[in-house]
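Residues per chain are reported as follows:
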Amino acid sequence: APKWYYQTVDEQVCRSGFGIGDQNAVETAKQNARYALVQNIDRGVKTVIYGHFREVENPAERELIARFEKDAMLPRFVDSNLQYQNVEYLNEVNKGFARVCIPTNTLVKYQKNRLNNIRIEVLEKYRDEAFDELEAETPDTAPADIKLENNVPSQEHGPHQFPKQDPFKELERDTDIR
């Protein structure tokens, strides 16, 4: 193998691959390197997910987390961000070699985004379950004579008036934010 084949690259996540045969071995090497990179990132994502969610015991939450572990978008992410480096064919051994890399900061952003999406989904699940519990426990207490239009009480039934001014403008005025 060439000298660069097993060497690490600063600030990049790289994987190398090889192919045997004629000049088409270079394409095989590129494909093998890309596949190795996808597998490596996938293992990393699963490790991060495990580290952040290993304490979760609720089966529904576990199912949600397991769904996120299977990252269907990972191959597309890799394809759109990978850079081919050190593509080489060695005639004396009839082998092609290739290295593919993704900048580490790009991968970290991707992993943080996925982790954040998982957290949001889990929190939304908690929220939905809490609302379901509240709805199950709360009797229907709304007076029968109040008419709702699009789930909003009409203004003729009660003293509550909806604000006519933008609440953000009021906040800006009250806090003197400019």
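Structure: see above.
Since this is a predicted model, take the numbers as computed values, not measurements.

1. Focus on the environment of Leu82
Argument step 1. Examined against the element boundaries, Leu82 turns out to sit in the loop between helix H3 (74–81) and strand S2 (83–90).
Argument step 2. A relative accessible area of 14% means that Leu82 is categorised as buried.
Argument step 3. Sequence separation between Leu82 and Leu37 is 45 residues, and the spatial gap between their C-alpha atoms is 9.1 Å.

2. Concerning the packing of H3 against helix H4 (residues 104–137)
Argument step 1. Their axes nearest at 12 Å, the elements H3 and H4 cross at an angle of 155°. One element, H3, and the other, H4, form an angle in the roughly antiparallel class. Judged by the sense of rotation from one axis to the other, the crossing of H3 with H4 is right-handed. Residue-level inspection shows Leu74, Phe77 and Asn81 of H3 in contact with H4, the latter providing Thr106, Leu107 and Tyr110.

3. Regarding the packing of aromatic side chains
Argument step 1. This model, assessed by the stated rule, comprises 5 aromatic pairs.
Argument step 2. Seen from their ring centres, Phe18 and Phe97 are 6.4 Å apart, and the 35° between their planes marks the pair as tilted. Taken as a pair, Phe18 in strand S1 (residues 12–20) and Phe97 in strand S3 (residues 95–103) lie far apart in primary sequence, 79 residues in all.
Argument step 3. Its relative accessible area of 4% is what places Phe97 among the buried residues.
Argument step 4. Where Phe77 meets Tyr110, the ring centres are 3.9 Å apart and the plane angle is 15°; that geometry is what we call stacked. Remark: Tyr110 occurs in helix H4 and Phe77 occurs in helix H3; sequence separation between them is 33 residues. For the pair shown, Phe77 and Tyr110 are each scored as buried.
Argument step 5. One aromatic cluster is present, formed by Trp4, Tyr5, Tyr6, Phe18 and Phe97 through successive ring pairs.

About the criteria used
Residues numbered from 1 in each chain as written. Predicted model: local features only at pLDDT ≥ 70, side-chain atom pairs only at ≥ 80, totals over all residues. Heavy atoms only, no water. Helix = DSSP H or I, 4+ residues; strand = E, 2+ residues; numbered from the N terminus. Buried < 20%, exposed > 50% of the residue type's maximum accessible area, 1.4 Å probe, protein only. Axes fitted to C-alpha atoms, helices over the stretch in contact; angles between N-to-C directions. Parallel < 35°, antiparallel > 145°, perpendicular 65-115°, else oblique. Left-handed = near helix turned anticlockwise from the far one by under 90°. Contact = heavy atoms within 4.5 Å. Phe/Tyr/Trp six-rings, centres within 6.5 Å; stacked < 30°, edge-to-face > 60°.

By themselves, these figures tell us nothing about what the structure is for.
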